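# Remarks on the overall topology
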Amino acid sequence: MDIPDTSSNPASHSSTGTNACGVLLAAKSINKNFAEKKILENISLTIEEGQIVTRIGPNGAGKTTTIRMILDIVKPSSGSISILGSPSALDVRNRIGYLPEEKGLYKKMKVWAVIQYFAMLKGMQKKQARDQAFSLLEKYGLKDFAESKVEALSKGMGQKVQVLSAVAHEPELVILDEPFSGLDPINQTVLEELINDMANNGQTVIFSTHVMQHAERLCDHILLIAKGKKVFDGTINQAKATVSRRVIVATKNDINQLNQLPGIDNITGTDNDFPNEWQLDISIRLTLKRSCAFVPKKMLA
């Protein structure tokens, strides 16, 4: 749990500490080793004010370790990090909202009181934090459970309360580690609404996930990590541009004739039980007329 720094309200920090070009977070060549095992290798990233950024990758890719280094929970083995104009997140913790991967709330407390408590830890005054708790619960579908104890909530509702507790103080920078974990499709939609609302409010949101659909619907920027290395850093459109379009065609003719066309990157047989089906990976728009011997059967995005 954070040690509260109540010297000022987080809202009073609205833009202080960011540099002229609006960079909220910059990591340069960070590495992390545990004993002899290399967990992260040469990760650099820059996140600007107002962006929604996802860190995507399979389990064990290094997403959580990166977040913990950004928040100064663990130190990088080498490299440097600047967050909200400070070399340490601990110095600006009231301006950050953090949802850890390991979820946990005080089970005997009422739902509204939990949100109020965490908001007060981040500098909000008691009445303001209470009003904010009830406002968030009403807006995101938990009004009827405000007076319930946390232990009475379902797993999904408890997850929503934990997210609201992390962002109730309206931080400039929000970091959510696997926030969609444990949520059903309806509550995933509610969480997507919350993330969009924060972005529209001028807040910067970073979340990690291994589900590409969330990134496509929400994000301005994607950071893809695999086996501790950054393998992609760019926009959704840039990510899509790296993947060839695919067409399934059926023919009884010699498929190798298509190799003569510009833009055909690769031709492979499909996994189906039809020997005359082929998959084409193409880097240009390919038009095959119905009178052609090669009949398109399926377009794959």
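Everything numeric in this text was worked out from a predicted model, so none of it was measured.

### A closer look at the layout of surface pockets
To find the voids left in a structure, one rolls a probe of water-molecule size over its atoms. There is about 330 Å³ of room inside the second largest pocket. Of the residues contributing to the lining of the second largest pocket, the split by class is 3 nonpolar, 7 polar and 6 charged.

### Overview of unusual backbone geometry
Positive phi outside glycine occurs at Ala35, with the angle close to 55°. Note on Ala35: relative accessible area 76%, which makes it exposed. One non-glycine residue, Leu84, adopts positive backbone phi at about 50°. Given a relative accessible area of 1%, Leu84 falls into the buried group.

### Some remarks on empty space enclosed by the protein
In this structure the tally under the stated criterion is 2 cavities of 30 Å³ or more. A volume near 60 Å³ is recorded for the largest cavity. Counting only elements with at least two residues in the lining of the largest cavity, the list comes to α4 (155-167) and α5 (185-200). Broken down by element, the residue count for the lining of the largest cavity peaks at 4 residues, all from α4. When grouped by side-chain class, the residues that make up the lining of the largest cavity number 7 nonpolar, 1 polar and 1 charged. At the level of elements, β2 (37-48) and β8 (221-226) are the ones that each hand at least two residues to the lining of the second largest cavity. For the lining of the second largest cavity, the element with the most residues is β2, which contributes 3 residues. A breakdown of the residues in the lining of the second largest cavity according to their chemical character gives 4 nonpolar, 2 polar and 1 charged.

### Some words on helix α3 (residues 126-139)
With 14 residues, α3 should cover 20 Å at 1.5 Å per step; its first-to-last C-alpha distance of 20 Å lies within 8% of that length. Buried residues of α3: Ala129, Gln132, Ala133, Leu136 and Leu137, and no others. One side of α3 carries all its buried residues, which in axial view fall inside an arc of 130°. α3 presents Lys127 and Glu138 as exposed residues on the side facing more than 90 degrees away from its buried surface.

### Remarks on the packing of aromatic side chains
Following the criterion strictly, the structure yields 5 aromatic pairs and no others. Summarising the aromatic geometry, the rings of Tyr106 and Tyr117 are spaced 5.9 Å apart at their centres and angled 80° between planes, so their arrangement reads as edge-to-face. One end of the pair, Tyr106, is in the loop between β5 (96-99) and α2 (111-121); the other, Tyr117, is in helix α2, and 11 residues separate them in sequence. Exposure remark for Tyr117: the relative accessible area of 30% places this residue in the partly exposed category. Here the aromatic rings of Tyr117 and Phe118 are separated by 5.5 Å at their centres, their planes lie at 70°, and the arrangement is edge-to-face. Among the residues examined, Phe118 registers a relative accessible area of 21% and is labelled partly exposed.

### Description of the pattern of salt bridges
Counted according to the given criterion, the structure contains 11 salt bridges. Across the pair Arg68 and Glu102 runs a salt bridge, and its minimum N-O distance is 2.6 Å. Of the two residues, Arg68 sits in helix α1 (residues 63-70) while Glu102 sits in the loop between β5 and α2, which places them 34 residues apart along the sequence. Judged by its relative accessible area of 47%, Glu102 is partly exposed. For Asp72, the salt bridge identified is with Lys75, shortest N-O distance 2.8 Å. Look at Asp72 and you get buried, because its relative accessible area is 15%.

Reading the values: rules and limits
Residues numbered from 1 in each chain as written. Predicted model: local features only at pLDDT ≥ 70, side-chain atom pairs only at ≥ 80, totals over all residues. Heavy atoms only, no water. 1 Å grid on protein atoms, 1.4 Å probe; cavity = no way out; pocket = protein on both sides within 12 Å on 5 of 7 lines; lining within 4 Å. Points joined across faces, edges and corners; volume = space filled by probe spheres on them. Nonpolar A, V, L, I, M, F, W, Y, C, P; charged D, E, K, R; others polar. Buried < 20%, exposed > 50% of the residue type's maximum accessible area, 1.4 Å probe, protein only. Helix = DSSP H or I, 4+ residues; strand = E, 2+ residues; numbered from the N terminus. Expected span 1.5 Å × (residues − 1). Arc of directions from axis to C-beta. Phe/Tyr/Trp six-rings, centres within 6.5 Å; stacked < 30°, edge-to-face > 60°. Salt bridge = Lys/Arg side-chain N within 4 Å of Asp/Glu carboxyl O.

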